[in-house]
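Overview (structure and organization)
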Amino acid sequence: MALISLQEITLAFGGPLLFEKLSLQLEAKERVALLGRNGVGKTTLMKVMAGQVEIDRGEIVCQKGVKVTHLPQEVPNNITGTVFDIVFTGLGQRAKLLSDYHHITQRLHTENTLALMNELGRLQEQLDATQGWDLDAQVEDVLSHMKLDGETEFETLSGGQKRRALLAKALVIKPDILLLDEPTNHLDIDTINWLEGFLKDYPGTLFFVTHDRTFMTHLASRIVELDRGKILNWSCDYQTFLERKQMVLDIESAQRADFDKKLAEEEVWIRKGVKARRTRNEGRVKALERMREEKKNQRRQIGKARIQAQEAEASGHLVIKAAHLGFSYGDTCLIKDFSTQIMRGDKIGVIGANGSGKTTLLRILLNQLAPHKGKVRHGTNLDVLYYDQLREQLDEEKTVIENVTPGGDTVTMNGKPRHIIGYLQDFLFTPDRARTPVKVLSGGERNRLLLARLFTKPSNFLVMDEPTNDLDIETQELLEELLMEYSGTLIVVSHDRSFLNNVVTSTIVMEGKGEIYEYAGGYDDWLSQRAGDVKPEAHLQPKEKTTAELRPPVISDKLSYKEQKELENLPLQIQNLEAEQERIGELMADLSFYQRAPREIAETQNRARSIMDEILQKYERWEELENH
């Protein structure tokens with residue numbers, strides 16, 4: 001028998017049906033992942049299973065004595081007290097009994113009345129019956145298991161530690177069914193890996209919502225999808241799910257096209273006049289009425305986001321050169337002697353524990369924050385777009401439209417005007433939702449809005465801090481495709497392992513205590529290189545030591561007049577060489593080039609090689625003069 005069974009449940013909140021005769025069963029020791037687009041009702045379904053939301057119709061059947069615990073997606077703002085106190089409240093009624101018992105025991109020191117003695121006796125009986133005397137030990141046991149300090153004030157914890165404390169609160173009653181809503185949100189990679197390992201060994205049933213594809217792949221024994229009010233079961237891995245899902249959508253699309261064709265034919269027939277109303281055609285008229293009603297109630301697949309970025313004129317070859325950076329907060333060293341060189345077209349991931357300094361590193365590289373040691377140099381012609389993790393660029397009181405186009409109703413995309421409503425529909429905002437204030441939007445909607453706002457501006461350098469938080473899987477994958485095709489430079493902070501594997505070409509890892517290393521490849525490449533215990537520098541792809549014109553060089557007082565002039569002229573000389581290099585590259589890319597005389601081909605190829613040598617020599621000379 002299933003631990004919990006939802007039998008043809010129906011639910012609506014004053015509008016279209018959220019669930020329509022939805023049925024779902026959870027068996028013992030299953031690990032079930034729930035998928036679905038933002039807004040289809042995944043969180044509501046969990047609340048229904050937890051008994052927090054009542055259904056309109058249908059039935060929910062639980063085995064007797066089954067304990068269900070729900071860990072919500074967002075950390076509530078009003079939680080205060082020590083971690084021990086927070087976890088203790090997870091014991092529910094038994095916790096209240098023990099708390100009341102201790103309270104009355106204290107009162108008896110000053111009010112030794114018969115009523116209090118009777119109340120104390122009643123509480124003792126209830127605690128005996130519910131085995132409530134060892135609750136403190138239960139709390140201490142789960143705190144030890146979760147590696148939490150019970151004396152720490154909850155408000156002082158990091159976001160990841162708060163979620164761990166709330167998970168401990170959910171686990172303390174040893175639930176038979178654990179409902180987890182986006183458990184990896186805002187967790188760093190180390191904590192996500194710890195959570196995966198913990199949940200793999202969890203003896204109960206897991207039912208979880210996640211947009212983390214790696215987390216789902218490692219944990220789920222079954223996938224269920226919430227789509228247009230109904231549940232679809234898929235007993236397969238994620239890749240197989242995608243293939244089978246597309247097949248179902250293709251079949252559904254063909255059936256809908258046939259239905260629409262038939263309906264159109266019947267509408268033509270009914271308009272032919274009196275003959276259609278004769279008794280012998282009455283059945284056909286009724287059939288048409290049923291088709292019209294079916295058409296009216298037909299629920300279409302939710303639209304897909306169509307994300308496009310505007311690209312600016314290419315930047316110089318060198319985007320950022322950072323040398324011997326150092327930065328500390330008080331006694332905490334976040335960055336210790338870190339150097340890197342970022343070239344045009346690089347796609348770099350940044351990973352590290354929460355609080356390790358990832359956002360600080362971004363701000364230093366963007367010259368928004370001065371390093372305590374070292375220096376950062378930018379290349380030429382940089383058009384930077386910065387996507388911040390906290391969405392601080394959004395005005396809460398203004399509407400979605402006003403946040404994208406203040407005072408206007410069009411956006412210009414790649415030189416062509418578009419109406420703002422049509423543009424926002426590409427990011428899944430309906431016309432009504434586009435006129436909604438930002439303060440009422442969900443986390444996923446805010447993310448999509450920030451992307452919509454961001455991509456109205458042309459860029460050749462994207463800096464993104466946790467861009468996939470709260471995005472559904474389809475939108476994540478569309479964003480991945482956009483970033484992979486983006487010809488500019490990308491730096492992205494992310495804890496999404498699949499996203500990193502699919503997008504980045506190298507990874508900067510904040511190892512802690514200020515140690516920062518750079519590895520070639522994505523997250524899995526970093527793991528394999530780290531497991532091999534090979535120095536990260538050995539894995540770095542060799543970077544072309546070329547640069548376009550940079551900001552005016554700093555002239556040292558130690559240089560002679562001739563050397564100062566030489567240093568001033570180097571950027572322009574390098575820029576001219578790079579322009580010639582680009583022209584030759586375009587020439588050699590044309591197939592007709594190889595129909596020319598062999599001598600001309602050889603001379604051009606030799607010139608291409610000599611230009612590279614000249615650029616390297618001038619770059620080395622620049623370094624030599626600057627370090628004079």
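The structure this text deals with has already been given above.
What you see is a predicted model, and the numbers here were worked out from it, not measured in a lab. (Residues numbered from 1 in each chain as written. Predicted model: local features only at pLDDT ≥ 70, side-chain atom pairs only at ≥ 80, totals over all residues. Heavy atoms only, no water.)

As for the nonpolar core
One finds V87, V139, M146, L167, L171, L178 and L199 to be the most contacted residues of the largest nonpolar core, which totals 46 residues. With six residues, the top contributor of residues to this core is helix α6 (residues 159-171). Residue contacts for V139: discarding those within four places in its chain leaves F84, V87, F88, L91 and V172. M413, L424, F427 and L483 belong to the second-largest nonpolar core, a separate cluster that totals 43 residues. (Core = buried A, V, L, I, M, F, W, Y, C linked by side-chain atoms within 4.5 Å. Buried < 20%, exposed > 50% of the residue type's maximum accessible area, 1.4 Å probe, protein only. Helix = DSSP H or I, 4+ residues; strand = E, 2+ residues; numbered from the N terminus. Contact = heavy atoms within 4.5 Å.)

Points about the pairing of strand β8 (residues 222-227)
On any regular strand, side chains alternate: one points to one face of the sheet, the next to the other face. Counting buried residues in β8 gives six out of six residues, a clear majority hidden from the surface. Residues R222, V224 and L226 point to one face of β8 and I223, E225 and D227 to the other, with burial holding for every one of them. For strand β3 (residues 31-35) and β8, the ladder comprises four bridges, and the chain directions are parallel. Bridge pairing links L34 to V224 in β8. Looking at chain direction, β8 and strand β9 (residues 230-234) are connected through five bridges and run antiparallel. Residue pairing across strands places L226 opposite I231, the latter belonging to β9. Connecting the antiparallel pair β8 and β9 is a turn made up of two residues, with R228 showing a positive phi of about 50°. (Pairing = 2+ DSSP bridges.)

Some thoughts on the packing of aromatic side chains
Applying the stated criterion across every chain yields a total of six aromatic pairs. A centroid spacing of 5.2 Å and a plane angle of 85° characterise the contact between F327 and Y329, whose relative ring orientation is edge-to-face. A relative accessible area of 47% means that Y329 is categorised as partly exposed. Seen from the ring of W194, R164 lies directly overhead, with NZ or CZ sitting 4.0 Å from the centre. In this structure, R448 is placed above the aromatic ring of F429, and the distance from its NZ or CZ to the ring centre is 5.2 Å. (Phe/Tyr/Trp six-rings, centres within 6.5 Å; stacked < 30°, edge-to-face > 60°. Lys NZ or Arg CZ within 6 Å of the ring centre and 35° of its normal.)

Here we look at the packing of α6 against helix α7 (residues 189-200)
Contact geometry of α6 with α7 gives a least axis separation of 13 Å together with a crossing angle of 15°. Considering their axes alone, α6 and α7 lie roughly parallel with respect to each other. In the crossing of α6 with α7, the sense of the turn from one axis to the other is right-handed. Here α6 contributes R164, L167 and L171 to the contact with α7, which in turn contributes T191, W194, L195 and F198. (Axes fitted to C-alpha atoms, helices over the stretch in contact; angles between N-to-C directions. Parallel < 35°, antiparallel > 145°, perpendicular 65-115°, else oblique. Left-handed = near helix turned anticlockwise from the far one by under 90°.)

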